[in-house]
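# Notes for the structure review
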Amino acid sequence: MRSAAHTLLHPLDRLAAAWAEHFGLGAPRAFFAPGRVNLLGAHLDYNEGFVLPMAVDRGTYVLAAPRADRRVRLHSLDRQPTVEADLDRLVLEASHGWANYPKGVLAAFGRDVPGLDLLYCGDLPIGAGLSSSASILVATATAANAFAARERSRIELVHLCRGAEVNFVGVKCGIMDHYASAFGREGHVLHLDCRSITHREVPFDGSKATIVVCDTTKRRENSDGRFNDRVRECGEAVARLRELGVPAGALRDVDRATLERYRGRIPEIPYRRALHVVSEIERTIRGVQALDAGDFEAFGAWLRDSHESSRVHYEVSSRELDALVEAVHGAPGAYGARLTGAGFGGCCVAVVRPDAVEAFRAVVAEKYEAATGLQPRLHPFHPSRGATAL
Ligand code: GLA
């Protein structure tokens, strides 16, 4: 049993204290990969649009040491189960839960890495839409890379991690989470083009605005299946538009006027998903312009619109997320808020005037509790660096 005092220790101290108990003697190396918050661009990455994530200063820490054999041992201080497996025969096993993520990464490295002992500890809420799973993937890849026969570049690691999530774990996610975890930059958000897979660092002026992640405390349920449904529905919209003669490789290639022209000839659900995507692409472009201009009033308004579109057209909100976004919009100093991550529960991201954060927190907590009976958790976050050896 962990004592309450123990859980207050920094994850690295907890890992250092636990290593010998699990893996005996040896001098492991330490690595870290952050989670992320996406400010704007909901469900645009797998539609080849633009997104606006930032890395946060919380994520997954891992201690790693090579082994003389081809075994891999995966133990987490926060999750079950512990898994031991043959590095050359790694397959998805439902009962392995979280450990399928590092297994997928190690399978992708293949013969390039030695057997490894890996000990994990994180400080992100799990299943809250802050990419705790991408941070496990990227932390594992950063660690494995340090012991690999051939060192991979950061962008290669991003593609490897996404491949592991899509092909090994089976979630048809886009590239945003792994990218933000790998490329995060202190004091900046990333304007990531998910077609060219390149980004521009956009300074985020912390003296003018604070990012407060507001956790509904309702965890996503069965979200992977519903997430994959959205990916499929967008694919259906593209396929139908192509049948109608629109030269679209992805929804990125469709503008609003084109979509409206064919509205009656696209089935209702794919049409609504597409409407969200094409309008969210516009919002993200305009939102970045607002951020570049330091206009947080305008930026917040795009966040509000984004939430509305995610709720009505994309249907990835939840009762609690709506209540929390509404509570934010009635609170002092709030520029705007929207659900973040995949949705279906988890967190919303709010942009708040720094001098109003304390009053903001009190009002949001009161309004959200009155609406749902739940107490939200509110975390101010600063844009932070990406994955690193420690
Ligand atoms: C999840 C996925 C991302 C992205 C978001 C929605 O976090 O992993 O790739 O699609 O949802 O924007």
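Structure first, text after, so check above.
Nothing here was measured: the structure is a model prediction, and the numbers come from that model.

### Some words on the environment of Ala-141
- Among the structural elements, Ala-141 can be located in helix H4 (residues 132-147).
- The spacing of Ala-141 and Gly-346 is 205 residues in sequence and 26 Å in space, taken between C-alpha atoms.
- Ignoring anything within four residues of it in the chain, the contact list for Ala-141 reads Val-105, Phe-109, Leu-157 and Cys-161.

### Describing the packing of H4 against helix H6 (residues 176-183)
- Relative to each other, H4 and H6 sit at 55°, their axes nearing to 9 Å. As far as their axial angle goes, H6 and H4 are oblique. Helix-helix and strand crossings are classified by hand; for H4 and H6 the assignment is right-handed. Two secondary-structure elements touch here, H4 through Ala-134, Ser-135, Leu-137 and Val-138 and H6 through Asp-177, His-178, Ser-181 and Ala-182.
- Considered class by class, the residues forming the contact of H4 with H6 number four nonpolar, three polar and one charged.

### A word on unusual backbone geometry
- Here the bond from Gln-80 into Pro-81 is cis, since omega is -5°, no more than 30 degrees from zero.
- You can see Pro-81 is positioned in the loop between strand S4 (71-76) and strand S5 (83-86).
- Phi is positive for Ile-197, close to 55°, though the residue is something other than glycine.
- In this fold, Ile-197 is placed in the loop between strand S7 (188-193) and strand S8 (198-203).
- Even without a glycine there, the phi angle at Phe-344 is positive, about 65°.
- Within the secondary structure layout, Phe-344 lies in the loop between strand S10 (334-339) and strand S11 (347-352).
- With relative accessibility at 5%, the residue Phe-344 sits in the buried group.

### Examining the sheet that holds strand S13 (residues 388-389)
- Spatially, the six strands line up as an open sheet ordered S5-S4-S6-S3-S1-S13, and their pairing is mixed. With one partner strand each, in any of the chains shown, S5 and S13 form the two edges of the open sheet.
- Relative to strand S6 (residues 116-122), S4 is paired through five bridges, and the arrangement is parallel. Opposite Leu-74, over in S6, you have Leu-118 as the bridge partner.

### Focus: H6
- Here H6 lies mainly inside the structure; eight of its eight residues are buried.
- Turning to H6, its buried residues number three or more, namely Met-176, Asp-177, His-178, Tyr-179, Ala-180, Ser-181, Ala-182 and Phe-183.

### Section: the pattern of salt bridges
- In the structure shown here, the tally under the stated rule is 29 salt bridges.
- A salt bridge links Asp-88 to Arg-111; the shortest N-O distance between them is 2.9 Å. Of this pair, Asp-88 sits in the loop between S5 and helix H3 (100-109) while Arg-111 is found in the loop between H3 and S6, placing the two residues 23 residues apart along the sequence.
- Here Arg-319 and Glu-320 are joined by a salt bridge, their closest N and O atoms 3.7 Å apart.
- For Arg-319, a relative accessible area of 53% translates into the label exposed.
- Connected through shared salt-bridge partners, Arg-230, Glu-233, Glu-268, Arg-272, Arg-273 and Glu-315 make up one network.

### A look at the packing of helix H10 (residues 296-312) against helix H11 (residues 319-329)
- Put simply, H10 and H11 touch, their axes get as near as 12 Å, and they point 160° apart. One way to sum up the angle between H10 and H11 is to call them roughly antiparallel. The handedness of the crossing between H10 and H11 is left-handed. Residues Arg-304, His-307 and Arg-311 of H10 form the contact with H11, whose own contacting residues are Leu-321, Asp-322, Val-325 and His-329.
- Here the residues of the contact of H10 with H11 sort into two nonpolar, two polar and three charged.

### Digging into the sheet that holds strand S12 (residues 377-381)
- The strand order S10-S11-S9-S12 describes an open sheet built from four strands, whose pairing is antiparallel. Among the strands making up the open sheet, the edge pair consists of S10 and S12. For this sheet, the mean angle separating the axes of adjacent strands, direction not counted, is 25°.
- Bridging between strand S9 (residues 210-215) and S12 involves five bridges; their strand directions are antiparallel. Paired with Asp-215 across the strands is Arg-377, a residue of S12.
- Set on the sheet, H10 makes contact with S10 and S11; between it and S10 the angle comes to about 25°.

What counts and how
Residues numbered from 1 in each chain as written. Predicted model: local features only at pLDDT ≥ 70, side-chain atom pairs only at ≥ 80, totals over all residues. Heavy atoms only, no water. Helix = DSSP H or I, 4+ residues; strand = E, 2+ residues; numbered from the N terminus. Contact = heavy atoms within 4.5 Å. Axes fitted to C-alpha atoms, helices over the stretch in contact; angles between N-to-C directions. Parallel < 35°, antiparallel > 145°, perpendicular 65-115°, else oblique. Left-handed = near helix turned anticlockwise from the far one by under 90°. Nonpolar A, V, L, I, M, F, W, Y, C, P; charged D, E, K, R; others polar. Buried < 20%, exposed > 50% of the residue type's maximum accessible area, 1.4 Å probe, protein only. Pairing = 2+ DSSP bridges. Salt bridge = Lys/Arg side-chain N within 4 Å of Asp/Glu carboxyl O.

None of the figures reported here should be taken as evidence of function without further support.
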